[in-house]
Amino acid sequence: MMSQAKMLQWLGGGLAVSLLVLLWPGQAPEQSGGDVLQATLGDYQVRLQFVEPVTAGDNPVQVRVLDNTGWPVKDARLEIMATLAPKPAASSHQHHEGMAGMEGMDMAAMTAMDSAAPEMGGMHSMGHAKVAGPAVIVPNATPGMAGDYAGKVTFATAGDWLLNTRLTRNGQTLNAELAVTVANRPPPWGIIAFFIALNALIIWVASVTRRNPRFFLKQA
Amino acid sequence: MSTPSTPVTTSWLAGANLLKNQWIYRFMRSRWYPGLIQWPTLLFFMLIMYQLLLGASVTHDNVGSALTWVLWWPIIPLIFLFLGRFWCAICPFATVNDLVQNFVGNHRPVPRFLKKYGIWIIDALFILITWGDHVWGIVDNPVGSGVLLLLLTTGVIASGAFFERRTFCRHLCFLGGLAGNYAQAGMVSLHGTPEVCAKCKTASCYKGTETAPGCPIFEFPKTMQSSANCVLCGDCVKNCPNGSIQLTLRPPTTELWFVHKPKVEAAFLAAVIMGIVFVQNVTMLEIWDGMLAWLEGVTGTTSYYVNFTITFAVAIILPVSLLAWASFYAAKHNQASFVENFTRFGYAIIAFDLAAHIAHNLFHLLAEGKSIWYTGLALFGIDSHDASPALAGMPVIQTLQFGLLGLGLVASLYCVYRIAESNHEGEVVWSAFKPYALMMGTFGILNVLLFTLPMAMRM
């Protein structure tokens, strides 16, 4: 007959294991994909597909460019510059507001891009938001992805943003502006719960083996 | 608490033994030490974890990121220099280890493979975490930093739950490995008084008493000849019935001149750290994008994993290869084997490692220091529009950086000389010195070149 204490131990352990299995990152439901934005730049159709719903922080994006015959264009140069949509809203650290750029883009590069910003003719008024530099979207060699180009766009904060998309091909440069709403990044509850469950499991096993060092040997 | 028989004087810094000062001695023996610093540190750590995981999602706005990467990480090598491994005594991970151990600890002996290969595991973890930082963006992403801390916490909890004392800190902690190396260049040393310890039969410092547990890092002050594994927790000071323990000040790097039992893995880690300083600097420079583009052309792939891994491997292999070359060359002249030279002289790199590490992080501390304040204010809804995060201008920072590099280079060269002198005689001293001096000179030139170029900020 199992004692009450042992039964409680098994219940606690079972709960921890169940939590661990349920919260294992691989068990999480798959994302249904992110925002899709489309624009026409002269003879070209540009389709931006964010890998996940757009949130503050880094956002991987896949881009497909089609010519007027619907044929994929793979030799264009693409740049995306993100700016906060001009409205009377402010957040802390304005000197970095509107930050957008490739992953790992450093401050020195951003400063250089700031000085180059006036070259981006025809851009929307940026209000008080500063431009930190374009994300250069590079040709994407990953098969099976949603586009022929890939990159990352960083949004410093949640809110309404404008993506100035610049396409350069055969000496011709075209611009289009796309609006996107950026949500706050949700807290990583799954990760936190996983670690809590894992540590609870470790502590539970230790508490069992502390009372009875040969516990698992006996069970076997 | 038993009163030791050794008389205690009240004069400040009487002799070289700091424990002869009554205030320091009493504080280290009191039950408030190191808890008085340890518990607030744990509380602070919990707040940082909370901010990293649940605070602002962008590094620039996250106070947890600012406190971790702009304040703590730059200050930590300075702590190692001035106070040895004291950080390890108040480290929140150590506190968590002790807490878990008190409640559910199994106190099993340290597995043999950890004792034998622990430092190699630390070396591997250090390389892996630095690599992971770049490819997964640990520093660049508050959640990434939070997950790293959660992983470490899990390791500490597992270790504390099953194994005795602070097994994780001694045999697995990557920062502990770094601390062990740097502490040998540090300015404080704790050890027993040989004449007193020779008569001791109790070994209370190692075994522990009712007053305090035995050494958490498995050291025995009676025979301890290195500061690499002393965390200055004060347990041995509390436990010793004979007042044998001394806490002495010493000129920085002194211990590196006469390492009694040099270990090849520690020498290897010293060279690896130099490589990591290189790669940390290179990837924060404006030229990095150009280098990456060139590498993409060579490898034919835009995969950052591939191209950064190649850069990382080259940066790590370079100093290790230079140390190997110098050791091979020296072995032709000094009658010592290649491995003996690699091991002995590898320790000399630690001084320059420490200087380059401090110099690199000085930039982040001084150029971004105010971001700690701004991100803290943002928690209360206070904006800091257009405010510069710099505590000092670039001319000041660069002057300090080059000054530190110069000091580190001189210290490392002097270490090489002293190591050569303590192991050889006559002409052989210079024959052994020359290749290592050339190696240090190369490290110096590379570092000066890298520090001349504009660097990126963390926040």
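Everything in this summary refers to the structure shown in the same document. (Residues numbered from 1 in each chain as written. Chains lettered and ligands numbered in written order. Predicted model: local features only at pLDDT ≥ 70, side-chain atom pairs only at ≥ 80, totals over all residues. Heavy atoms only, no water.)

**Some points on the environment of Ser-204 of chain B**
All names here are of chain B.
In step 1: Note on placement: Ser-204 falls in helix H11 (residues 204-207).
In step 2: A C-alpha to C-alpha distance of 23 Å links Ser-204 and Asn-21, two positions 183 residues apart in sequence.
In step 3: Residues contacting Ser-204, with those up to four places away along its chain left out, are Thr-209, Asn-239 and Pro-241.
In step 4: Side chain to side chain, Ser-204 and Thr-202 meet in a polar contact 3.1 Å long. (Helix = DSSP H or I, 4+ residues; strand = E, 2+ residues; numbered from the N terminus. Contact = heavy atoms within 4.5 Å. Polar contact = N/O pair within 3.5 Å; in protein donor to acceptor, adjacent residues only side chain to side chain.)

**What about unusual backbone geometry?**
All names here are of chain B.
In step 1: Each neighbour pair has its own omega, and for Tyr-33 with Pro-34 the value is 0 degrees, a cis peptide bond.
In step 2: Residue placement: Pro-34 occurs in the loop between helix H1 (22-29) and helix H2 (35-54).
In step 3: Even without a glycine there, the phi angle at His-107 is positive, about 55 degrees.
In step 4: Looking at the element boundaries, His-107 is found in the loop between helix H5 (92-104) and helix H6 (112-136).
In step 5: Positioned with a positive phi, Arg-165 is a non-glycine residue whose angle comes to about 50 degrees.

**A short note on a nonpolar patch on the surface**
Residues and elements named next belong to chain B.
In step 1: On the surface, Trp-136, Tyr-305, Val-306, Ile-310 and Val-314 cluster together into a nonpolar patch covering about 480 Å² of accessible area.
In step 2: The greatest single-element share of the nonpolar patch, amounting to 4 residues, is contributed by helix H16 (residues 304-334).
In step 3: Within the secondary structure, Trp-136 is located in helix H6. (Patch = residues over 30% accessible without salt bridge, like charges linked within 9 Å, V, L, I, M, F, W, Y side chains within 5 Å. Areas by Shrake-Rupley, 256 points an atom, 1.4 Å probe, with all protein chains shown as cover. Salt bridge = Lys/Arg side-chain N within 4 Å of Asp/Glu carboxyl O.)

**With respect to the side chain of Glu-255 of chain B**
All names here are of chain B.
In step 1: Within the secondary structure, Glu-255 is located in helix H13 (residues 254-257).
In step 2: A polar contact of 3.0 Å, which involves the side chain of Glu-255, links it to the side chain of Ser-227.
In step 3: Sequence-distant contacts of Glu-255, that is, excluding residues within four places in its chain, are made with Gln-184, Gln-225, Ser-226, Ser-227, Ala-228 and Arg-250.

**A word on the interface of chain B and chain A**
In step 1: Each partner contributes to the interface: chain B provides 41 residues, whereas chain A provides 36 residues.
In step 2: In total, chain B and chain A occlude about 3,100 Å² of area from one another, counting both sides; carbon and sulfur atoms represent 64% of this.
In step 3: Across the contact surface, chain B and chain A share 0 salt bridges.
In step 4: Our count for the contact surface shared by chain B and chain A stands at 4 residue pairs in polar contact (both at pLDDT 80 or more).
In step 5: Among the elements of the structure, H2, H5, helix H7 (142-162) and helix H19 (370-378) of chain B are those that each provide at least two residues to the side of chain B that touches chain A.
In step 6: When residues of the side of chain B that touches chain A are assigned to their parent elements, the largest contribution, 10 residues, is made by H7 of chain B.
In step 7: Tallied by class, residues from the side of chain B that touches chain A come to 22 nonpolar, 13 polar and 6 charged. (Buried area = accessible area lost by both parts, 1.4 Å probe. Nonpolar A, V, L, I, M, F, W, Y, C, P; charged D, E, K, R; others polar.)

By themselves, these figures tell us nothing about what the structure is for.
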